[in-house]
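Summary of structural features
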Amino acid sequence: MTLTQDTPRPIGEPVTITCQDGVVLGGHIWPASGPPLASVVINPATGVLARYYHYYAEFLTRHGFDVLTYDYRGIGLSRPASLKGCGYRWRDWGEQDFDAALRFMHDRRPDQPLQVVGHSIGGYLPGLSPNGARIDRMLTVGAQYAYWRDYAPGHRARLFFKWHVVMPVLTAAFGYFPGKRLGWLEDLPAGVANEWSFRGARMEMTHPVGERDEVLRRFAAVTAPILAIAVADDDIGSVAAIRRSLAYYTGAERTEVLLEPAVYGHSRIGHFGLFHARHSEEFWTDTLRWLKEGIDPWGDQPSKLP
């Protein structure tokens with residue numbers, strides 16, 4: 001099945017997921033079209049609606065996976081009536097939201113392997129979950145936590161001004177980040193925007209002193225093999241950014257791959273491109289070897305990171 005922008009958007013089964021702190025998230029379940037091989041949780045990028053990944057979720061169902069897509073608190077189906085004063089933080093997306101999604105899929109089919117596909121911040125968040133040890137395999141794409149020095153050199157000044165000057169100023173003025181009206185992704189809760197804006201080189205330093213060892217322990221508890229994809233023209237998820245985030249998963253076998261757009265016949269892919277439907281017969285199909293068999297489909301390519 002060839003997907004295009006004109007292909008009707010697939011529709012999953014609406015679900016609600018309740019977090020440990022009582023916050024309710026909205027999402028969709030995508031049941032496997034045949035006997036399921038594994039359960040997959042798809043973690044979105046920051047400020048990206050879960051529906052952006054619906055085509056990929058539907059693609060996975062046709063290849064034997066039960067899939068969950070969901071919006072983090074403050075985004076899309078999980079947005080409260082007002083973002084002002086909601087108190088939501090970036091760390092809550094991992095400690096609460098992803099953790100709830102993971103438990104939801106585990107409880108749905110306890111004996112089924114549990115996998116994660118994480119895009120951008122979505123590949124970093126699993127390490128914050130108290131239940132990360134339940135994950136059996138991970139695929140990450142451009143996974144990082146937006147430390148500004150890791151932005152691609154040619155774009156660093158522009159991105160720093162955008163996300164680390166303009167964003168905190170507007171967040172202070174509005175009480176949340178009005179990204180949607182600017183065309184800069186979705187609106188963000190103030191806590192999320194400020195964690196992004198003021199993130200340092202060591203992510204645990206954004207946590208209170210007494211919690212830092214526990215944060216590192218949670219990352220180390222993830223033992224699932226990780227296939228981490230970087231794209232050569234990704235100005236946000238650079239190789240340096242990928243490695244900074246991946247380094248926290250000390251208990252996992254980690255494989256890094258750098259993809260050049262030319263591998264798939266494109267001149268540009270960027271930070272968001274691989275989940276676009278135009279990649280359904282190339283990148284999406286390649287990901288099945290990892291998700292089904294744990295085989296790196298790019299292992300013999302020159303695009304392998306040194």
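Here, every reference points to the structure presented above.
Fair warning: this is a prediction, and the values are worked out from it, not measured in the lab.

**So, the environment of I295**
- Residue position: I295 is located in the segment after α8 (283-293).
- For I295, a relative accessible area of 30% puts it in the partly exposed group.
- For the pair formed by I295 and L227, sequence separation is 68 residues and the distance between their alpha carbons is 9.3 Å.
- Setting aside its immediate chain neighbours within four residues, I295 contacts R289 and W290.

**Some points on the pattern of salt bridges**
- Tallying each qualifying case throughout the model produces 17 salt bridges.
- Taking the shortest distance from any N to any O, the salt bridge between R62 and E58 comes out at 3.1 Å.
- Notably, a salt bridge pairs R73 with D97, separated by 2.7 Å at the nearest N-O pair. With a gap of 24 residues between them, R73 in the loop between β4 (65-70) and α2 (90-108) and D97 in helix α2 connect regions that are remote in the sequence.

**Observations concerning the sheet that holds strand β9 (residues 226-231)**
- Sheet architecture is open: 8 strands sit in the order β1-β2-β4-β3-β5-β6-β9-β10, paired in mixed fashion. Both outer strands of the open sheet, β1 (13-18) and β10 (254-259), are each paired with one neighbouring strand and no more. Going across the sheet, the axis of each strand differs from the next one's by a mean of 20°, ignoring polarity.
- Relative to β10, β9 runs parallel, the two sharing 6 bridges. Paired with L227 across the two strands is T255, which belongs to β10.
- Running over the sheet, helix α1 (residues 54-61) touches β2 (24-30), β3 (38-43), β4, β5 (114-119) and β6 (137-141) and is turned about 165° from β4.
- The sheet strands contacting α8 are β4, β5, β6, β9 and β10, and the helix crosses β6 at an angle near 155°.

**Points about the side chain of T171**
- Relative to the helices and strands, T171 resides in helix α3 (residues 156-174).
- Take T171: its relative accessible area is 3%, and that puts it in the buried class.
- When sequence neighbours within four positions are dropped, the list of residues in contact with T171 reads Y176, F177, A190, A193 and N194.

Rules and cut-offs
- Residues numbered from 1 in each chain as written.
- Predicted model: local features only at pLDDT ≥ 70, side-chain atom pairs only at ≥ 80, totals over all residues.
- Heavy atoms only, no water.
- Helix = DSSP H or I, 4+ residues; strand = E, 2+ residues; numbered from the N terminus.
- Buried < 20%, exposed > 50% of the residue type's maximum accessible area, 1.4 Å probe, protein only.
- Contact = heavy atoms within 4.5 Å.
- Salt bridge = Lys/Arg side-chain N within 4 Å of Asp/Glu carboxyl O.
- Pairing = 2+ DSSP bridges.
- Axes fitted to C-alpha atoms, helices over the stretch in contact; angles between N-to-C directions.

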